[in-house]
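So the chains spell out like this:
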Amino acid sequence: MNRQMERFKDQNIAAALFGDLYLEELRKRREDNCRLQGIRAEFPLWGMDTRELLYEFIKQGFKSIVTCVDGSVLDETFVGRIIDESFIHDLPPNADICGENGEYHSFVFDGPIFSKPVDFEIGRKYYRDYPKDDDISKQNRYWYLELK
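Residues numbered from 1 in each chain as written. Predicted model: local features only at pLDDT ≥ 70, side-chain atom pairs only at ≥ 80, totals over all residues. Heavy atoms only, no water.

- The protein chain is annotated in an unreviewed UniProt entry as Diphthamide synthase domain-containing protein from Blautia caccae.

## Regarding the overall build of the protein chain
Here's step 1: Of regular secondary structure, the protein chain possesses 4 helices and 6 strands.
Here's step 2: Start at the N end of the protein chain and walk to the C end: the helices and strands fall as α-β-α-β-α-β-α-β-β-β.
Here's step 3: Oriented by its inertia axes, the alpha-carbon framework of the protein chain measures out at about 40 × 40 × 30 Å.
Here's step 4: Residue burial in the protein chain is summarised as follows: out of 148 residues, 30% are buried.
Here's step 5: Here the contacts in the protein chain between residues at least 6 apart in sequence split such that 58% fall between residues at least 24 apart.
Here's step 6: Treating the 21 positive side-chain charges of the protein chain as one cloud and the 28 negative ones as another, the clouds have centres 4 Å apart. (Helix = DSSP H or I, 4+ residues; strand = E, 2+ residues; numbered from the N terminus. Buried < 20%, exposed > 50% of the residue type's maximum accessible area, 1.4 Å probe, protein only. Contact = heavy atoms within 4.5 Å. Lys, Arg positive; Asp, Glu negative; His and termini not counted. Charge placed at Lys NZ, Arg CZ, Asp CG, Glu CD.)

## Overview of the nonpolar core
As a rule of thumb, nonpolar side chains are buried together in soluble globular proteins.
Here's step 1: Residues Leu54, Val69, Leu74, Phe87, Leu91 and Tyr104 are the most contacted members of the largest nonpolar core, which totals 20 residues.
Here's step 2: Where this core is concerned, the elements lending two or more residues are α3 (50-59), β3 (63-70), α4 (85-90), β4 (104-110) and β6 (135-147).
Here's step 3: Ranked by residues supplied to this core, first place goes to β3 with 3 residues.
Here's step 4: Among the nonpolar cores identified, the runner-up in size contains 7 residues, and Met5, Ala16, Cys34 and Phe43 belong to it. (Core = buried A, V, L, I, M, F, W, Y, C linked by side-chain atoms within 4.5 Å.)

## Some words on the UniProt feature "domain: Diphthamide synthase" (unreviewed entry) in the protein chain
Here's step 1: Per the UniProt record, "domain: Diphthamide synthase" (unreviewed entry) is annotated on residues 7-127.
Here's step 2: Between the end C-alpha atoms of residues 7-127 there is a gap of 30 Å, over a span that is 28% helix and 22% strand. (UniProt positions renumbered as here; feature names shortened; annotations may be inferred.)

Here's what the structure looks like:
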C-alpha cells in the first residue's frame, strides 16, 4: 500500500477513497497508512446498510464480477459470477452481502459513472491454500479469477 501511496503523491492525489463499510480495525489501518504518506483517507460508504447498498448498486446499473472467494464461506462456483439479484439470493446466510468480512472480492467494470465499460478478458480460475490461524496443518482455500 505504501508503494501505491507514493505513486499517488507523485500524481498530486490528496485523498484515497475506500469502500469499507464497518470494520473499524481495517479503517484505522488504512487511515494510519494514508496519514504516514500525507494522504487523506475517505470512507464515503461508511456505516451504510449493506443490503440496501448492494441492491442500490445493482439498481443504478453498476456491473461487477467476483474475482476472489474465501472457500470456507463460498464455493468456487461464486468466482466469475456477476453480482446481481441471483448472486445475492445464492449467498449463504453466514455471508455478508457485500463481502465485508472477506467472503468475496470483486471488480467493478461498468456503471453510470463510467464513460465506457472497462475492457477485460476472463482468464483462468485457480486456488491457493493458506495456513488457517497460523496453523500450517489447517488450510484455508481461496479461489481466484484471473482477469486480463
